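# Structural features, examined
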Amino acid sequence: RSGEQWWKTAVVYQVYPRSFADSDGDGVGDLAGITSRLDYLAQLGVDVLWLSPVYPSPQDDNGYDVADYTDIDPTFGTLADLDDLVEGLHARGMKLVMDLVFNHSSDEHPWFVASRSSVEDPKRDWYWWRPGRDGMAPGTPGAEPNNWGSFFSGPAWAFDEATGEYYLHLFSRKQPDLNWENPAVRAALYDVMRFWLDRGVDGFRMDVVNFVSKDTALPDGIVHPGGRYGDGSPYFFSGPRIHEFLHELHREVIAPHDRPTMVVGEMPGVTLEEARRFTDPARREIDMVFQFEHVQLDHEASKWDAIPLDLRELKASLARWQVGLADRGWNSLYWNNHDQPRAVSRFADDGDHRVPAAKMLGTVLHLHRGTPYVYQGEELGLTNTSFDRIEDFRDIESVNHYAEAVADGADPERILAQLRERSRDNARTPMPWDDGPQAGFTTGEPWIAPNPTFATINARAAVDDPDSVFHHYRRLIELRHTEPVVVHGDFTLLLPDDAHLYVFTRRLDDVELLVLGNFSGQPRDVPLEDARRWRDAEVLVGEPGTPDQLHLGPWEGRVLRRA
Ligand code: ISL
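Quick notes on the rules
Residues numbered from 1 in each chain as written. Predicted model: local features only at pLDDT ≥ 70, side-chain atom pairs only at ≥ 80, totals over all residues. UniProt positions renumbered as here; feature names shortened; annotations may be inferred. Domains from an automatic or database assignment. Contact = placed C-beta atoms within 7 Å. Helix = DSSP H or I, 4+ residues; strand = E, 2+ residues; numbered from the N terminus. Nonpolar A, V, L, I, M, F, W, Y, C, P; charged D, E, K, R; others polar. Near = placed C-beta within 6 Å. Pairing = 2+ DSSP bridges. Expected span 1.5 Å × (residues − 1). Buried ≥ 20, exposed ≤ 12 C-beta atoms within 10 Å, placed from the backbone. Arc of directions from axis to C-beta. pLDDT = per-residue confidence, 0-100. Axes fitted to C-alpha atoms, helices over the stretch in contact; angles between N-to-C directions. Parallel < 35°, antiparallel > 145°, perpendicular 65-115°, else oblique. Left-handed = near helix turned anticlockwise from the far one by under 90°. Right-handed = clockwise from strand over helix to strand, strands pointing away. Core = buried A, V, L, I, M, F, W, Y, C linked by C-beta atoms within 7 Å.

By the naming in an unreviewed UniProt entry, the protein chain goes by Oligo-1,6-glucosidase and is assigned to Egicoccus halophilus. On record in UniProt, under Sequence similarities (unreviewed entry), the comment for the protein chain is "Belongs to the glycosyl hydrolase 13 family."

The subject of this paragraph is the domain arrangement of the protein chain. Taken as a whole, the protein chain is organised into domain 1 (11-105 + 183-473), domain 2 (110-168) and domain 3 (489-562). Averaged C-alpha coordinates put domain 1 and domain 2 at centres separated by 29 Å. Contacts between the two partners involve 15 residues from domain 1 and, on the opposite side, 13 residues from domain 2. Per-element accounting of the side of domain 1 that touches domain 2 gives the leading share, five residues, to helix α11 (residues 396-407). Per-class residue counts for the side of domain 1 that touches domain 2 are five nonpolar, six polar and four charged.

Lining the immediate surroundings of the ligand are 14 residues, of which D61, Y64, F171, P268 and D339 lie closest. Among the residues making up the shell around the ligand, the classes are represented as six nonpolar, one polar and seven charged.

Moving on, we get to the sheet that holds strand β10 (residues 332-333). The eight strands lie next to each other as β9-β8-β7-β3-β2-β1-β11-β10, forming an open sheet whose pairing is parallel. At either margin of the open sheet sits one strand with a lone partner, and together these are β9 (288-290) and β10. Note: strand β7 (residues 203-206) against strand β8 (residues 262-266), four bridges, orientation parallel. Across the sheet, the residue bridging to M206 is G265, located in β8.

This part covers helix α6 (residues 242-254). With 13 residues, α6 extends 17 Å between its outermost C-alpha atoms, agreeing within 8% with the 18 Å of an ideal straight helix rising 1.5 Å per residue. Buried within α6 we find I242, F245, L246, L249 and I254. Down the axis of α6, the sector holding all buried residues measures 105°, keeping them to one side. Those residues of α6 that are buried are in contact with α5 (183-198), β8 and α7 (272-279).

Regions with low pLDDT should not have their predicted coordinates read in detail. Confidence along the protein chain averages 97 in pLDDT terms, with 99% of residues attaining 70 or more. Interface confidence in the predicted complex, given as ipTM, is 0.97; pTM for the same model is 0.98.

Once that is clear, we can look at the UniProt feature "domain: Glycosyl hydrolase family 13 catalytic" (unreviewed entry) in the protein chain. Feature annotation in UniProt assigns "domain: Glycosyl hydrolase family 13 catalytic" (unreviewed entry) to the following positions: residues 14-428. In this annotation, residues 14-428 is assigned 30% helix and 10% strand; the end-to-end C-alpha distance for the span is 12 Å.

A few words on α11. In an α-helix, one full turn covers 3.6 residues, which means residues spaced three or four apart are oriented alike. In this model, α11 (12 residues) spans 16 Å end to end at C-alpha, consistent with the 16 Å of a helix rising 1.5 Å per residue. Listed as buried for α11 are I396, E397, S398, H401 and Y402. Directly beyond the C-terminal end of α11, a positive phi value near 100° is found at G409.

Once that is clear, we can look at the packing of helix α10 (residues 354-366) against helix α14 (residues 469-482). Geometry of a packed helix pair, given as the angle between the helix axes and the separation of the axes. Two numbers describe how α10 lies on α14: the axes approach to 9 Å, and their chain directions differ by 15°. Relative to α14, the element α10 is oriented roughly parallel. Viewed along their axes, α10 and α14 form a crossing whose handedness is right-handed. From α10, V355, A358, K359, G362, T363 and H366 reach across to α14, where they touch V469, H472, Y473, L476 and R480. For the contact of α10 with α14, the per-class residue count stands at five nonpolar, four polar and two charged.

When you tally the buried positions in β8, you get five out of five residues, the bulk of the element. Burial of the side chains of β8 extends over both faces: M262, V264 and E266 are buried on one face and V263 and G265 on the other. As a crossover connection, the stretch from β7 through α6 into β8 is right-handed. Relative to β9, β8 runs parallel, the two being bridged by three bridges. Opposite E266, over in β9, you have F290 as the bridge partner.

So, on to the nonpolar core. Counting 143 residues, the largest nonpolar core has V46, L49 and L361 as the members making the most contacts within it. Beyond its immediate stretch of four places on either side in the chain, L361 contacts W335, A343, V344, F347 and A348. F393, Y402, I415 and L416 belong to the second-largest nonpolar core, a separate cluster that totals six residues.

To continue, consider the sheet that holds strand β6 (residues 165-168). Here we have three strands laid out as an open sheet, ordered β4-β6-β5, and antiparallel in their pairing. The sheet is open, and its two edges are formed by β4 (129-130) and β5 (157-160), each paired on a single side. Relative to β6, β4 runs antiparallel, the two sharing two bridges. Residue pairing across strands places W129 opposite Y167, the latter belonging to β6.

Take a look at the structure:
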């Protein structure tokens, strides 16, 4: 049983292949580049590499628009390069998790090409085709089958001249939604999973997998104040058949496989109650989910409208998930991924206190119960970048938001300020390997500009400095492998009403940890009622405090241990 759940003691490292390492000088990262950097990942000590999509793709959404699920895009290499990566990982005791984008394909996938060709085509029903609204001229604004908006601006429906009908796309118009109601679609997707498992892959991260079951009536959604389109999410967030589908996927693909796997579902909008069902081992669906509550506390309904983070809300949210998934299910732990701004800039201080702040964020996250995810560059304390012009941005979400807002009369400078703070491109600048040209990422012209901080924030400098964020992350990862209380201990939040200190305990049998994080630029004493119990405790992570263990410097973190 515990062997099957190997991911409970694992730390996952996410690689965004476009931006990790370029081996051939075309300015785009590739598989051979990743393979050449495996010793770096082994030194960090991570157990699993999650690879964002590398399949053939028109790259409308950087590979999250897949045109062939069982091959490799020439930009990234070949199937043989993928085999080399798997071999290199396995030789170092690491595993590979592939990213599956099954809610939608590319509009250039042969399935969709067939589907759009005629209403009679056998694959017509593989996507969501609907006629326009009664009494309205098809193709005119407002004639869409319902009022849903797409996540990337504009309506969620595209009119197709060839057959005079609309297809649903929750993301870009080049990402048509697959129709999971059709069993042939599900069977084809399960075959894709078997293809990769047979190649030695150890698990999957499933993109927006809680969107795949939709209310087939596709009703209009509520238009929120200030919004333009209806909110369709009640009709596809954890839709009517989602548990049935994921259970079937487990039965058809995961259960019969001869090696233990891990499956993590990306689930925007998932509730704790639903997550308990998805990750309850007895239900045989998936192993863990990425939830989004804690990364939605610092903005209004739209991600572009930032508001200050209230630490009390962050603690309450994460603690609720810790407690809610304690007896069954399992948490995924993350601050960062390829869709989120850089954590040290977003939640802490990327100026004078950048190094202690990045270490403190790592300490707090990695001492929670669950499987931690490290996103490339996070282990360096990498910051948001600083693009000045809209031409610097590459992300379709950012570019579309800018175009739509400016067309609506918004001040372009205000929208640029929003992008600087929140754009997904903050996470997508090239991995800074050294202080040489293009940060050591490529010998060519990078597809997106490196973060200008690379002269100081780079992997070579971090590996050479024993006090770096990198070596701090290395120790946190090692701790998960050596200290059972980190993996299995229970969780108790302390000082929930403190607006600056993040404090909790973990306990397993006689071992107890006290985790301390100062989310402020002022030194602080931790006002614990039972302070005396901790005064002489061992400092497991961080520096001993001055004048005592319960005193933290600006943005400092510490873990104490007593047994
Ligand atoms: O990035 C977001 C907000 O800025 C999210 O709404 C994001 O679109 C959502 O989390 C789904 O993300 C996943 O699917 C998208 C893809 O663009 C993201 O990169 C991927 O992580 C569509 O495939």
